[in-house]
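Here are the chains, one letter per residue:
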Amino acid sequence: MKFFVDTAEIADIKELNDLGMVDGVTTNPSLIKKSGRDILEVTKEICSIVSGPVSAEVTATDADQMIAEGRKLAEIAENITVKVPLTWDGLQACKVLSSEGKMVNVTLCFSANQALIAAKAGATFISPFIGRLDDINIDGMDLIADIRQIYDNYGFETEILAASVRTVNHVTQCALVGADVMTAPPAVIKSLANHPLTDKGLAAFLADIEKTGQKIL
Ligand code: G3P
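Overview of the structure.

Procedures and definitions
- In this convention, every chain numbers its residues from 1, walking through the sequence in written order.
- Restriction of local features to residues with pLDDT of at least 70 applies here, the model being predicted, together with a cutoff of 80 or more for giving and counting side-chain atom pairs; totals for whole chains, interfaces and linings are based on all residues.
- Think of the side-chain values as coming from all heavy atoms in the structure, minus any hydrogens and water.
- Only residues whose relative accessible area exceeds 30% and that form no salt bridge are eligible for patches; like-charged ones are grouped when within 9 Å, while nonpolar side chains (Val, Leu, Ile, Met, Phe, Trp, Tyr) are grouped when within 5 Å.
- With residues, only the protein chains shown are counted as cover, and all accessible areas are computed by Shrake-Rupley using a 1.4 Å probe.
- In the sections that follow, a salt bridge refers to a side-chain nitrogen of Lys or Arg positioned within 4 Å of a carboxyl oxygen of Asp or Glu.
- The sign given to each residue is positive for Lys and Arg and negative for Asp and Glu; His and the chain ends receive no count.
- Working definition for charges: the position is that of NZ of Lys, CZ of Arg, CG of Asp or CD of Glu.
- Segments assigned H or I by DSSP are reported as helices when at least four residues long, segments assigned E as strands when at least two residues long, and all are numbered from the N terminus.
- In this text, near means that some heavy atom of the residue lies within 4 Å of the molecule or strand in question.
- Two N or O atoms count as a polar contact when they lie within 3.5 Å, although within protein this holds only if one can serve as hydrogen donor and the other as acceptor, and sequence-adjacent residues are included solely when both atoms are side-chain atoms.
- Three residue categories are used. Nonpolar comprises Ala, Val, Leu, Ile, Met, Phe, Trp, Tyr, Cys and Pro, charged comprises Asp, Glu, Lys and Arg, and polar comprises the others, including Gly.
- Every axis corresponds to a line fitted to the C-alpha atoms, with the helix fit spanning only the stretch in contact, and the corresponding angles, defined between N-to-C directions, vary from 0 to 180 degrees.
- In this scheme, roughly parallel covers angles under 35 degrees and roughly antiparallel covers those over 145, while 65 to 115 is roughly perpendicular and the rest are oblique.
- Crossing handedness follows the turn of the near helix against the far one: under a right angle anticlockwise gives a left-handed crossing, and clockwise gives a right-handed one.
- In what follows, residue pairs with any heavy atoms lying within 4.5 Å of each other are defined as contacts.
- Among the buried residues, those of types Ala, Val, Leu, Ile, Met, Phe, Trp, Tyr and Cys that are joined through side-chain atoms within 4.5 Å form a nonpolar core.
- Burial status follows relative accessibility: with a 1.4 Å probe on protein chains alone, a residue under 20% of its type maximum counts as buried, one over 50% as exposed, and anything between as partly exposed.
- Following DSSP output, two strands are said to pair if at least two bridges run between them.
- Handedness of a crossover is defined as follows: with both strands directed away from the viewer, a clockwise route from the first strand across the helix to the second makes it right-handed.
- Working rule for helices: expected span equals 1.5 Å times residues minus one.
- This arc corresponds to the set of directions leading from the helix axis out to the C-beta atoms.
- The criterion for an aromatic pair is that two Phe, Tyr or Trp rings (for Trp, the six-membered ring) have centres within 6.5 Å, with stacked assigned to planes under 30 degrees apart, edge-to-face to planes over 60 apart and tilted to the rest.

**Some words on a negative patch on the surface**
Working step 1: On the surface, Asp134, Asp139, Asp142 and Asp146 cluster together to form a negatively charged patch.
Working step 2: Along the chain, Asp139 falls in the loop between α7 (130-135) and α8 (140-154).

**Notes on the site of the ligand**
Working step 1: Taken together, Asp6, Asn28, Phe129, Arg132, Ala163, Ser164, Arg166 and Thr183 make up the full set of residues near the ligand.
Working step 2: Asp6 places a side-chain nitrogen or oxygen 2.5 Å from an oxygen atom of the ligand.
Working step 3: Arg132 is positioned with one of its side-chain polar atoms (N or O) 2.6 Å from an oxygen atom of the ligand.
Working step 4: Across the complex, the protein chains shield 81% of the 310 Å² of accessible surface that the ligand would expose by itself.
Working step 5: Classifying every residue of the shell around the ligand gives two nonpolar, three polar and three charged.

**Comments concerning the packing of helix α4 (residues 63-74) against helix α5 (residues 88-99)**
Working step 1: Look at α4 against α5: their axes get within 8 Å of each other, and the N-to-C directions meet at 45 degrees. With respect to α5, the axis of α4 lies oblique. The crossing of α4 and α5 is right-handed. Contact residues: α4 offers Ala63, Met66, Ile67, Gly70 and Arg71, while α5 offers Asp89, Gly90, Gln92, Ala93, Val96 and Leu97.
Working step 2: Residues belonging to the contact of α4 with α5 are distributed by class as follows: six nonpolar, three polar and two charged.

**What about the nonpolar core?**
Working step 1: Within the largest apolar cluster, 57 residues are counted, with the highest numbers of intra-cluster contacts made by Val84, Val106, Ile126, Val165 and Met182.
Working step 2: Of the residues forming this core, the biggest block, five residues, is contributed by α8.
Working step 3: Leave out the neighbours within four places in its chain, and Val165 touches Ile130, His170, Val171, Cys174, Met182, Thr183, Ala184, Pro185 and Val188.

**Description of the pairing of strand β8 (residues 181-184)**
Working step 1: Residues of β8 alternate between two faces, with Val181 and Thr183 on one and Met182 and Ala184 on the opposite face, all of them buried.
Working step 2: In the sheet, strand β7 (residues 159-162) pairs with β8 via two bridges, with the strands oriented parallel. Directly across from Ala162, in β8, lies its bridge partner Met182.
Working step 3: The handedness of the β7 to β8 crossover, carried by helix α9 (residues 168-177), is right-handed.

**What about α5?**
Working step 1: Helix length check: α5, at twelve residues, gives a terminal C-alpha distance of 17 Å against a target of 16 Å (1.5 Å per residue), a fit within 8%.
Working step 2: The complete set of buried residues in α5 reads Gly90, Leu91, Ala93, Cys94, Leu97 and Ser98. Seen along its axis, α5 keeps its buried residues to an arc of 160 degrees; they face one direction. Structural note: α5 exposes Trp88 and Ser99 on the side pointing more than 90 degrees away from its buried face.
Working step 3: Where α5 is buried, its residues contact α4, β4 (80-85), β5 (103-109) and α6 (112-120).

**Considering the sheet that holds strand β1 (residues 2-6)**
Working step 1: The eight strands lie next to each other as β1-β2-β3-β4-β5-β6-β7-β8, forming a closed barrel whose pairing is parallel. Each adjacent strand pair in this sheet contributes to an overall mean axis angle of 30 degrees, direction not counted.
Working step 2: Judged from the three bridges that link them, β5 and strand β6 (residues 125-128) form a sheet pairing that is parallel. In the strand pairing of β6, Asn105 is matched with Phe125.
Working step 3: Lying on the sheet, α4 is in contact with β3 (54-57) and β4; it crosses β4 at an angle near 160 degrees.

**Remarks on the packing of aromatic side chains**
Ring pairs (aromatic) are described by centroid distance and by the angle formed between their planes.
Working step 1: Inspection of every chain in the model, using the stated rule, returns three aromatic pairs.
Working step 2: Considering the side-chain rings of Tyr151 and Phe156, the 5.7 Å spacing of their centres and the 65 degrees angle between planes classify their relative orientation as edge-to-face.
Working step 3: We classify Tyr151 as buried; its relative accessible area is 0%.

Pasting the structure below:
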């Protein structure tokens with residue numbers, strides 16, 4: 001499973017990228033606002049750090065404007081993925097932009113049918129939002145599993161990009177049900193390393209070696 005990092009914070013992207021944890025980056029208007037940066041400038045900087053797909057989201061709501069914005073975003077770098085919302089206009093924009101050879105990430109997906117029509121419109125990635133479904137007491141992971149089955153049934157090549165990933169359990173479940181990609185905030189990716197038994201075991205090892213008085217350096 002590929003790891004995308006869901007942020008527009010340059011320091012976090014660099015740190016995770018240096019560790020080989022970043023196969024791509026996803027941004028959205030809320031993350032751009034949080035960064036306090038200009039959308040075009042920060043997206044260009046991210047693309048200069050990461051070689052994988054970098055999703056940059058359009059802000060228009062009608063298809064023609066989305067297409068125009070998508071073309072402008074795609075000029076930033078070769079690894080730009082144009083992100084469009086899962087609306088009828090968004091699907092029209094997806095079809096045009098993907099036909100031009102641009103990568104398209106169709107976002108704000110909350111149903112299997114939405115994922116099905118995004119694939120038919122030529123989406124490179126579909127972004128189902130797990131956490132926001134969990135928020136309203138619907139199991140977001142069931143949606144990932146349903147989309148996996150539908151795409152496999154018919155051989156759709158659209159990649160399932162599990163989004164709104166909030167917990168380490170989401171990451172495990174995404175890998176188990178076969179999401180192609182998951183995107184998560186830096187803190188979630190870093191917390192994948194944590195385990196209380198690791199901390200406990202390390203403390204015991206360090207205490208024992210200290211008792212011997214030995215040092216390696
Ligand atoms: O990738 C989409 C993500 O940014 C949404 O996450 O936690 O705001 O639902 P969240």
